[in-house]
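# Tertiary structure, described
For reference, the chains in residue letters:
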Amino acid sequence: MTSLKYPDGGAKITVQNNQLVVPDNPIIGFIKGDGIGPDVMHACLRMWDAAIAYAYGDKRKVYWTELFLGEAAAERYDGNIYPAETREALKDLLVSIKGPLTTPVGKGFRSLNVSLRQDLDLYACIRPVQYFNGLPSPLKNPELVDVVIFRENTEDVYAGIEYASGSPEMRKLEKFLKEELGAKFFDDSGLGIKPISPFASKRLMRKAMQFAIDNKRESVTIVHKGNIMKFTEGAFRAWCYEVAREEFGDVTITEEELYRDFGGKQPAGKILIKDRIADNMFQLMLLQPNEFDVLVSTNLNGDYLSDSIAAEVGGIGIAPGANMSDFIGVFEATHGTAPKLANLDMANPGSLLFSGAMMFQYLGWSEVADIITHSYTEVINKKIVTCDFFAQMDGATEVGTSGFADAVIAEINRGVNVEAVRTQQQAKEAAERKAREEERVSRPTAKMLETGRTPMTAGDIMKRNLIGVPHDATVAMAMQTMRTNGVSSVLLHPATSNHAWSIMTQKDIVTKVIHANLSPSATMVRDIASPLKYLISPETSLHECVTLLTLHNIRRIVIGSKDGTPIGLVSDTDIFRTVQEFGLPTE
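Residues numbered from 1 in each chain as written. Predicted model: local features only at pLDDT ≥ 70, side-chain atom pairs only at ≥ 80, totals over all residues. Heavy atoms only, no water.

## Focus on helix H1 (residues 37-56)
Stated formally: Put simply, DSSP marks the helices as runs of H or I at least four residues long and the strands as runs of E at least two long, and each gets a number from the N terminus on. Given a helix with a known number of residues, its expected span is that number minus one, times 1.5 Å.
If you check H1, its first and last C-alpha atoms are 28 Å apart, about what 20 residues at 1.5 Å a residue would give, namely 28 Å. Taken from the residues just after H1, Gly57 is the one with a positive phi, measuring 60°.

## Observations concerning unusual backbone geometry
Applicable threshold: Relative accessibility decides the category of a residue: with a 1.4 Å probe and only protein chains considered, values under 20% of the type maximum give buried, values over 50% give exposed, and everything between is partly exposed.
The phi dihedral of Asn343 falls on the positive side, at around 65°, and the residue is not glycine. Topologically, Asn343 is positioned in the loop between strand S15 (329-333) and helix H11 (350-363). Judged by relative accessible area, Asn343 falls into the exposed class, the value being 64%. Phi angles above zero are rare outside glycine, and Asn517 is one such case at about 60°. By the element assignment, Asn517 lies in the loop between helix H19 (506-514) and helix H20 (525-528).

## Describing the environment of Leu492
Secondary-structure assignment places Leu492 in strand S19 (residues 489-492). For Leu492 and Leu286, which are 206 residues apart along the polypeptide, the C-alpha to C-alpha distance reads 49 Å.

## Side note on the sheet that holds strand S21 (residues 530-531)
Spelled out, the test is: DSSP bridges decide pairing: two strands pair if at least two such bridges lie between them. Throughout, a residue-residue contact means that at least one pair of heavy atoms, one from each residue, lies within 4.5 Å. Every axis in this analysis is a line fitted to C-alpha atoms, fitted for helices over the stretch in contact. Angles between the N-to-C directions lie between 0 and 180 degrees.
Strand order across the open sheet formed by 4 strands is S18-S19-S20-S21, with mixed pairing between neighbours. At either margin of the open sheet sits one strand with a lone partner, and together these are strand S18 (468-469) and S21. With respect to the sheet, helix H18 (residues 475-485) is in contact with S18, S19 and strand S20 (502-505), its orientation differing from that of S20 by roughly 75°. Contacts from H19 reach S20 and S21, with the element oriented near 75° to S20.

## Brief notes about the pairing of S19
Within a regular strand, the side chains alternate between the two sheet faces. Taking every second residue as pointing to the same face, both faces of S19 are buried, with Ser489 and Leu491 on one and Val490 and Leu492 on the other. Direction of pairing for S18 relative to S19: parallel, over a ladder of 2 bridges. The residue bridging Val469 from the neighbouring strand is Leu492, located in S19. Alignment of S19 against S20, held across 4 bridges, turns out to be antiparallel. When the bridges of S20 are listed, Val490 appears paired with Met504.

## Regarding the sheet that holds strand S3 (residues 27-31)
Strand pairs in the sheet, formed through backbone hydrogen bonds, run parallel or antiparallel to each other. Strand order in this open sheet of 11 strands is S4-S3-S5-S15-S14-S6-S7-S13-S10-S12-S11, and the pairing throughout is mixed. Each edge of the sheet is formed by a strand with only one pairing partner; in this case those strands are strand S4 (63-66) and strand S11 (252-254). The mean angle between the axes of side-by-side strands here comes to 25°, regardless of whether they run parallel or antiparallel. Bridging between S3 and strand S5 (residues 95-98) involves 3 bridges; their strand directions are parallel. Counterpart to Ile31 in the pairing with S5 is Lys98. Helix H3 (residues 84-93) contacts S3, S4 and S5 of the sheet and is inclined by roughly 145° relative to S3.

## Remarks on the pairing of strand S23 (residues 566-571)
For S23, a buried count of 5 out of 6 residues is recorded, marking the element as mostly surrounded by other parts of the structure. Pairing of strand S22 (residues 556-560) with S23 involves 5 bridges; the strand directions are antiparallel. Following the sheet pairing, Gly560 is matched in S23 by Pro566. Between S22 and S23, which follow one another and run antiparallel, lie 5 residues, and Gly564 among them has a positive phi close to 90°.

## Remarks on the nonpolar core
Condition: Note on terminology: a nonpolar core comprises buried Ala, Val, Leu, Ile, Met, Phe, Trp, Tyr and Cys residues joined through side-chain atoms within 4.5 Å.
Formed by 112 residues in total, the largest nonpolar core has its most connected members in Trp48, Trp64, Met205, Phe360 and Tyr376. Sorting elements by how many residues they give to this core places H1 first, with 11 residues. When neighbours within four sequence positions are excluded, Tyr376 is seen to be in contact with Phe132, Leu135, Ile318, Leu353, Phe354, Phe389, Phe404 and Val408. In this structure, Val469, Ile509, Ile528 and Ala529 belong to the second largest nonpolar core, which totals 14 residues.

What follows is the structure, encoded as structure tokens:
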């Protein structure tokens, strides 16, 4: 049994006052992994150290300490591929990085990666996907791809709540679902449970929002399948919007507000919050990838999206990733172990290399991340590549894993003007944002359609500028208010806390005052208004809105906050216009 000892001279990363505190000599754990893991880890350790030395000279240094999982752990811990000592060290050190680990399929140990996420509560899988000039890609304009995916890690179908066909547990659940809840599905089905909670959804959105703020990102898009799974995926969407609205309301704006209140011109300092249905998101990342910045998704959708978007810019061989809790970060190569290439010095180290760049960004050593990114790009532009890219590029020079590391280190030592690189990148991003804004302003409806905006709920299309009058106002005063503001209804404020909100419409005035030959100046609005019977939540679907309007023979319905205060209104005209512009909400 191995007894882990940290290297002399290093200091542990800590958390103080809810902030990560990184010394100049941090101890960081690394796990080589299985298959090609040792090859790429050895190469990356050299490149990371070279970038640190170039950025800081002898002022900063990482004290690397090897930890063991998978096959390497089994050799040292009497066959145990998941030793408690490693698990505790990952918690203790807070920040670590690992190569790929073998994942058994079908039976036995579920997955080392999943076990780590659950045991360390690494609830956020973060996957940046960015194109590097010169790499082969199936897209015409892969340079438009630059997104960061925040995938929920602990719930959804990956929670592991499933029962095999024919098992006693499955029979018990089948009986309950069919007999107690009236569910309909084929006999002998394997059964799985898909939990989605407000707690897990909100903390993921919170982390994505903070990332967007810290990195001056333009937008955060919630990816979901809420049009079908309304109480899981739909709830995820609603909870994410709730976090944006209630916790980050001073720095966020919704798409509906962007177009309605600002004519498509995004206010300075505001992050745009939008959502897209998952299947449409795959299409949009091919057709309009530069419209998306930070993506927030449930577990399974995020798994699909991470790999499919990575394929647009060169594949998961260069896609970095991290699994994180509030402070613990396990950065990792996102590809598999590729056992046929193990120990052959042929593997592409890009995924692990950029996972390290992510790690240094997290530590606050952004200079190291920028140096790595720039030097890698320069090497690729010279067409010095490993075998996976060599087969796809004309005129390239093939090198091994260690040879590629040599080329990157040589580029680092040649010199990198970090500030110039940053200035150039910032100018490029500003120009792209301005171009998107000009399109939104000049052709708003077309732009909404092109970028996949699909209004789904009352909150998406409601009018927020509600017009109210006192309960003791005259009908004549209310009529003037309605004409001045161009509205066909007004709300009546409650007379006391014991009274409810009421609404008065043009129809009420026509039928109850004019038809009755009453004087508008002598009639009080409280005498003809109707109590709000159908106050709905912003998350109410448009289909449900139509049902309520039809069943109760009304033309408008009021949206309320949790405490019952009216915050918006949706009319049949709003729904008509929405369907005419965007089509029926998809199912």
